[in-house]
Amino acid sequence: MNRQQGSLVIEVMVSTLIGTLLLYGAISILLTSKQTFIASQGLSRIEERGRLALEILSEDIRMAGYRGCVSSGGQQVINTISATPDWRMEPEVGIRGWEFSGTNYGDELDVFTLSESAFSSSTWAGGTSSVKGTGIDMLRNSDVLQLWVAQPYLIDINMESPLTVFDDDGARLGVASMEGMPADDDENHDRFMVVSDCSRNLLVKTQEFKNSSNQIYLDKDNFNESAQQLESLSQPQALLLEGVMYYLAIPSERDRPSLYRKVVDINDSFDPGESNFANAVEVLPGVLNLQFKYGVNTNNELSADTYLDADDVDDWTQVVSVRVFMLVETETDRTAPESTSTYYFGRTYGGTSAPDKRIRREFSTTVTLRNRALGLTTVGQVEQAQPP
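Reading the values: the criteria
Residues numbered from 1 in each chain as written. Predicted model: local features only at pLDDT ≥ 70, side-chain atom pairs only at ≥ 80, totals over all residues. Heavy atoms only, no water. Patch = residues over 30% accessible without salt bridge, like charges linked within 9 Å, V, L, I, M, F, W, Y side chains within 5 Å. Areas by Shrake-Rupley, 256 points an atom, 1.4 Å probe, with all protein chains shown as cover. Salt bridge = Lys/Arg side-chain N within 4 Å of Asp/Glu carboxyl O. Helix = DSSP H or I, 4+ residues; strand = E, 2+ residues; numbered from the N terminus. Buried < 20%, exposed > 50% of the residue type's maximum accessible area, 1.4 Å probe, protein only. Phe/Tyr/Trp six-rings, centres within 6.5 Å; stacked < 30°, edge-to-face > 60°. Lys NZ or Arg CZ within 6 Å of the ring centre and 35° of its normal. Pairing = 2+ DSSP bridges. Axes fitted to C-alpha atoms, helices over the stretch in contact; angles between N-to-C directions. Lys, Arg positive; Asp, Glu negative; His and termini not counted. Charge placed at Lys NZ, Arg CZ, Asp CG, Glu CD.

### Some words on a nonpolar patch on the surface
A grouping of V9, I10, M13, V14, I18 and L22 is seen on the molecular surface, where their side chains present a nonpolar patch of about 620 Å² in accessible area. Relative to the helices and strands, V9 resides in helix 1 (residues 9-63). Accessibility expressed as a relative area gives 62% for V9, which makes it exposed.

Okay, structure coming up:
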């Protein structure tokens, strides 16, 4: 007779408990690994996007104020343009910034109460509305930076062709090459350009580029008396300037702000109803705050004596470097396993500033204006330029 053997109830319960504990441990490890992966991925994306944004900003800042072969600290940019746009562009200065009035970081970093204001309002210090233009809504509590950046094509003026300023055909420059210039069918040929012979720098406004004949026509109707110096330049070269602005705004499809780079149309204001507003490009999503400090050189030692806010800078030609501060966050909530502290602009904010459990990081850098670091200065007033 065979005797049957089975497990006791207590043995089944113990086995079930052990299996449950093992399963719980495996699930815990899986969840922890998943959360670690999400946090690591979010942090990696922040690092990648933040560094890329700083590189784009830094490249433009370095080239601001660049004027070709001039190498003397006493040189000036002579503005030959008589027309005044509806907002002050000042390409001869190279750089200008605006500080949001009343920016103050207290014990808590409010990253949820986000609002915009028209840039023409008085909330940004550093000039009247005529200096800033109109129309574009920008994120409050963040700064705005305007740069005039040299394009990477140096044009040799062909002296074998007459460099004429006043004749029946207008004012024109004969050049050796049209590489990098706008095409003939480009809708907008109006550009700012600096013409230099290593002793003088003349700021002019172009009107038409004729690639077939290698000629650049200038806006003769907006010349002042300083434009006559074009005819006496010796072996001059020229380069185009592009105006750009960096600011934060909230895209229509999202409720969190982004960093924007706006190309300036030199014939128009910042009217969002105009086609030139399409030149605004989203550089980086998830930028909560943007601050600039400007390194001012007052003793001609080619380095910054102090760093100031935009509304404290009296002479923008003395700015030789810029410190950039950006606060970047992950694009989704609950990236971190718990609310983490945030360091920004010299202060550490506790986890109560981030109940959404997003990871936030500060990115900062100091960029030198290469042109100013070589001891170059600019003067915007035409009357200070000495004729040859």
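Still more ground to cover, so stick around.
### Topic: unusual backbone geometry
Note: most peptide bonds trans; most residues except glycine with negative phi. Phi at N141 is positive, roughly 75°, even though this residue is not glycine. Topologically, N141 is positioned in the loop between strand 5 (137-139) and strand 6 (144-150). Taking relative accessible area as the criterion, N141 reaches 36% and is therefore assigned partly exposed. The phi dihedral of N214 is positive, around 50°, even though this residue is not glycine. By secondary structure assignment, the location of N214 is in the loop between strand 10 (201-210) and strand 11 (215-218). By relative accessible area, which is 25% here, N214 ends up partly exposed.

### What about the packing of aromatic side chains?
In this description, an aromatic ring pair is defined by two values, namely the gap between the centres and the angle between the planes. Considering all chains together, one arrives at four aromatic pairs under this definition. Linked through ring pairs, F292, Y294 and W316 together constitute an aromatic cluster. For R323, the ring lying beneath its charged end belongs to Y307, and the centroid distance is 3.8 Å.

### Observations regarding the sheet that holds strand 20 (residues 360-368)
To summarise the sheet geometry, strands pair through backbone hydrogen bonds and adopt either a parallel or an antiparallel arrangement. With antiparallel pairing, four strands are arranged side by side in an open sheet as 16-15-17-20. What marks the edges here is a single partner per strand, and that holds for strand 16 (306-308) and strand 20. On average, each strand axis in the sheet is inclined to that of its neighbour by 25°, with strand direction left out of account. Of the strand pairs in this sheet, strand 17 (residues 319-329) and strand 20 are connected by nine bridges, and their pairing is antiparallel. Looking at strand 20, one finds that V322 is bridged to V367.

### Concerning a negative patch on the surface
A contiguous patch of negative charge on the surface is contributed by D184, D185, E187 and E208. Among the secondary structure elements, D184 is positioned in the loop between strand 8 (171-174) and strand 9 (192-196). According to the relative accessible area criterion, D184 is partly exposed, its value standing at 44%.

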